[in-house]
Amino acid sequence: MAGPVPELHDRAVACADRLREADSVLLASHIDADGLTSAAVAASALERAGIRFDTVFSKQLDAEEVAAIAATGHETVLFTDFGSGQLDIIAEHETAGDFTPVIADHHQPADADTEFHLNPLLVGIDGASELSGAGASYVLARALESGDTDNRDLAALAVVGAVGDMQDSDGGLTGANEGIVAEGVEAGVLDPAKDLALYGRQTRPLPKLLEYASEVRIPGISNDENGSIRFLSDLGLDLKEGGEWKRWVDLTQEERQTVVSALIKRAVSKGVPPDRVNTLIGTTYTLVDEEEGTELRDVSEFSTLLNATARYDRADVGLGVCLGNRGDALDRARTLLRNHRRNLSEGLQWVKTEGVTVEEHVQWFDAGTRIRETIVGIIAGMAVGANGISRRKPILAFAEKNDEEVKVSARGSHFLTKNGLDLSVVMREASRSVGGDGGGHDVAAGATIPMGKQAEFVAEADRLVGEQLG
């Protein structure tokens, strides 16, 4: 059986066979939503296959982290949602006989290879937009199927990872991701539908849904509480229940259509560009086994909940939620989510107030200790398009990692990548030129550099972007 991505079938089978042969496996994964779902998919598949394993998480896989992984003494290490970009480091330990690596990743590979390497980029599939880390883990999980289960139910988590990695930014999941969605539908765990593509459909009261929507900014509604309430009140619908505003999930199909039509009409009348208006509607993904009206029912809200755990050093909480813990883990995750939202709001406001420094080809800001290094990339992406922050140049964001190192996050756009931008190359080469290291995707990447090297890094990144965009 070829699974959802036939091009990766042989690689997936080879990786699965190696894992079955191992006496002990260490599952090592990244910490964002895609990394957590990658780990959860892999952990579920390993457990069902009867393979013993331990789990560790890491913010960034560098030489020190790989050495620590080698020191655990596990015969085989399964890397999920990272590993490809660090193959040169991993290969040294493989050659030394420290462990056998098995990699399920979607990031740009380094100039090295290993026998058990599952990555969409190796077969011509775009790892930034067509298959996430969780998707790669899912392909591996399908190859690990046993007589009891084919692991198709894990497609739900794979889609959460893909959406968490913003692979639905063009209105829905495409490419190899579509095969995973199809298997999720067949397994009865996933329901894709055309709907209003705003964040918070399950949990936010309607005025807040519209007020906080950053996907499309509509004058008189976006960032305007009173404007959102006036807009809804003028529709002639009964949008309250027991004196409280309903949520999107509470509306009938007819009521939803009325709201969408009015939103589109308002956006057009206020001069919102047609291509932005069109993004109001997209493909949404519902996890049908989860309770209606909760963060877990909608994949976008689920992914945000996960981002709020590991980025605050509680990967165990996020993994617990992914693996079905709806008690203490979910309660703790919701508390972390409230904290995460507050930090994002405060960080975004700081960037808007302080502004960015604009170079010839890039723009940047240095948050120092004001923004946590694990969320500075999210805030950089949110800031693009705000006053004075251009959509036409990639943005670089700096935040202190510790007394000696600085985290750099870079965000671009699909418009820029279509014109030659590859931030994975920019981050890797610019960071290495100042004694650091980095990598990622063409549209989003990161690096760690020595403290005090920011100016040199910006100069080199600016030069590299200039070369790429010609």
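All values reported here derive from a predicted model rather than from experimental measurement. (Residues numbered from 1 in each chain as written. Predicted model: local features only at pLDDT ≥ 70, side-chain atom pairs only at ≥ 80, totals over all residues. Heavy atoms only, no water.)

Brief notes about unusual backbone geometry
Piece 1. A positive phi angle, close to 65°, is found at asparagine 151, a residue other than glycine.
Piece 2. Checked against the element boundaries, asparagine 151 lands in the loop between α5 (133-143) and α6 (155-164).
Piece 3. Judged by its relative accessible area of 1%, asparagine 151 is buried.
Piece 4. Of note in the backbone geometry, aspartate 313 takes a positive phi value of approximately 65° without being a glycine.
Piece 5. Along the chain, the position of aspartate 313 falls in the loop between α12 (299-310) and α13 (315-322). (Helix = DSSP H or I, 4+ residues; strand = E, 2+ residues; numbered from the N terminus. Buried < 20%, exposed > 50% of the residue type's maximum accessible area, 1.4 Å probe, protein only.)

Concerning the sheet that holds strand β13 (residues 405-411)
Piece 1. Here 6 strands make up an open sheet; going across it, the order is β10-β11-β12-β13-β15-β14 and the pairing mixed. Of all the strands in the sheet, the pair left with one neighbour each is β10 (357-358) and β14 (437-440).
Piece 2. Strands in contact with helix α18 (residues 454-469) are β11 (363-366), β12 (395-400), β13 and β15 (444-450); relative to β12, the strand with the most contacts, it is inclined by about 160°. (Pairing = 2+ DSSP bridges. Contact = heavy atoms within 4.5 Å. Axes fitted to C-alpha atoms, helices over the stretch in contact; angles between N-to-C directions.)

Some details on the domain arrangement of the chain
Piece 1. When the domains of the chain are assigned, the result is domain 1 (6-190), domain 2 (196-343) and domain 3 (355-469).
Piece 2. Look at where the C-alpha atoms of domain 1 and domain 3 centre, and you get two points 26 Å apart.
Piece 3. Taken residue by residue, the interface counts 12 residues in domain 1 and 11 residues in domain 3.
Piece 4. Of the roughly 1000 Å² buried between domain 1 and domain 3, counting both surfaces, carbon and sulfur atoms make up 46%. (Domains from an automatic or database assignment. Buried area = accessible area lost by both parts, 1.4 Å probe.)

Some words on the UniProt feature "domain: DDH" (unreviewed entry) in the chain
Piece 1. Within this structure's numbering, the places UniProt gives as "domain: DDH" (unreviewed entry) are residues 25-161.
Piece 2. As annotated, residues 25-161 has a helix share of 37% and a strand share of 16%, and its two end C-alpha atoms lie 23 Å apart. (UniProt positions renumbered as here; feature names shortened; annotations may be inferred.)

Section: the pattern of salt bridges
Piece 1. Throughout the structure, instances matching the rule amount to 24 salt bridges.
Piece 2. Across the pair glutamate 186 and arginine 152 runs a salt bridge whose closest N-O atoms are separated by 2.2 Å. Residue glutamate 186 is located in helix α7 (residues 176-186), and its partner arginine 152 is located in the loop between α5 and α6; the two are separated by 34 residues in the primary sequence.
Piece 3. The partner of arginine 334 in a salt bridge is glutamate 295, and the shortest N-O contact between them spans 3.0 Å. You can see arginine 334 sitting in helix α14 (residues 328-354) and its partner glutamate 295 sitting in the loop between β9 (281-287) and α12, a full 39 residues away along the chain. (Salt bridge = Lys/Arg side-chain N within 4 Å of Asp/Glu carboxyl O.)

Notes on the packing of α6 against α7
Piece 1. Packing of α6 against α7 leaves a shortest axis separation of 8 Å and a crossing angle of 145°. α7 is crossed by α6, and the crossing has left-handed handedness. Between α6 and α7, the contacting residues are Ala155, Ala158, Val159 and Ala162 on the first element and Asn177, Ile180, Val181, Glu183 and Gly184 on the second.
Piece 2. Looking at the contact of α6 with α7, its residues break down into 6 nonpolar, 2 polar and 1 charged. (Left-handed = near helix turned anticlockwise from the far one by under 90°. Nonpolar A, V, L, I, M, F, W, Y, C, P; charged D, E, K, R; others polar.)

Notes on the packing of α5 against α6
Piece 1. At their nearest, the axes of α5 and α6 sit 7 Å apart, and the two run at 160° to each other. Taken together, α5 and α6 sit at an angle that is classed as roughly antiparallel. For the pair α5 and α6, the crossing hand works out as left-handed. Contacts from Ala134, Gly135 and Tyr138 of α5 reach α6 at Ala155, Leu157, Ala158 and Gly161.
Piece 2. Residue classes in the contact of α5 with α6 are distributed as 5 nonpolar, 2 polar and no charged. (Parallel < 35°, antiparallel > 145°, perpendicular 65-115°, else oblique.)

Considerations on the nonpolar core
Piece 1. With 88 residues, the main nonpolar core has Leu19, Leu78, Leu140, Val159, Phe302, Phe365 and Ile371 as its most contacted residues.
Piece 2. Those residues in contact with leucine 78 that lie beyond four places of it in its chain are Leu19, Val25, Leu26, Leu27, Ala28, Ala42, Leu46, Val102 and Leu140.
Piece 3. In terms of nonpolar packing, the next biggest core, distinct from the first, is built from 23 residues, Val216, Leu251, Val259 and Val260 among them. (Core = buried A, V, L, I, M, F, W, Y, C linked by side-chain atoms within 4.5 Å.)

Observations concerning the pairing of strand β1 (residues 25-29)
Piece 1. Counting buried residues in β1 gives 5 out of 5 residues, a clear majority hidden from the surface.
Piece 2. The two faces of β1 match: Val25, Leu27 and Ser29 on one face and Leu26 and Ala28 on the other face are all buried.
Piece 3. Bridge count between β1 and strand β2 (residues 53-57): 5 bridges; the pairing is parallel. When the bridges of β2 are listed, valine 25 appears paired with phenylalanine 53.
Piece 4. The β-α-β motif built from β1, the intervening helix α2 (residues 33-48) and the parallel element β2 has right-handed crossover chirality.
Piece 5. Pairing analysis gives 5 bridges linking β1 to strand β3 (residues 76-80), with the strands arranged parallel. Within the sheet, the bridge partner assigned to serine 29 lies in β3 and is threonine 80. (Right-handed = clockwise from strand over helix to strand, strands pointing away.)

Some details on the environment of alanine 333
Piece 1. With respect to the helices, strands and loops of the structure, alanine 333 is situated in helix α14.
Piece 2. When its relative accessible area of 0% is taken as the criterion, alanine 333 is described as buried.
Piece 3. Here the alpha-carbon distance between alanine 333 and glutamine 349, two residues 16 residues apart in the chain, equals 24 Å.
Piece 4. Once residues within four sequence positions are removed from consideration, alanine 333 is found in contact with Leu305, Thr309, Val317 and Val321.

Side note on the packing of aromatic side chains
By convention here, two paired aromatic rings are described through the distance between centres and the angle between planes.
Piece 1. Going through the model one piece at a time under the given rule, you end up with 5 aromatic pairs.
Piece 2. Ring plane angle 65° and centroid distance 6.4 Å describe the contact between phenylalanine 79 and phenylalanine 82, whose orientation is recorded as edge-to-face. (Phe/Tyr/Trp six-rings, centres within 6.5 Å; stacked < 30°, edge-to-face > 60°.)

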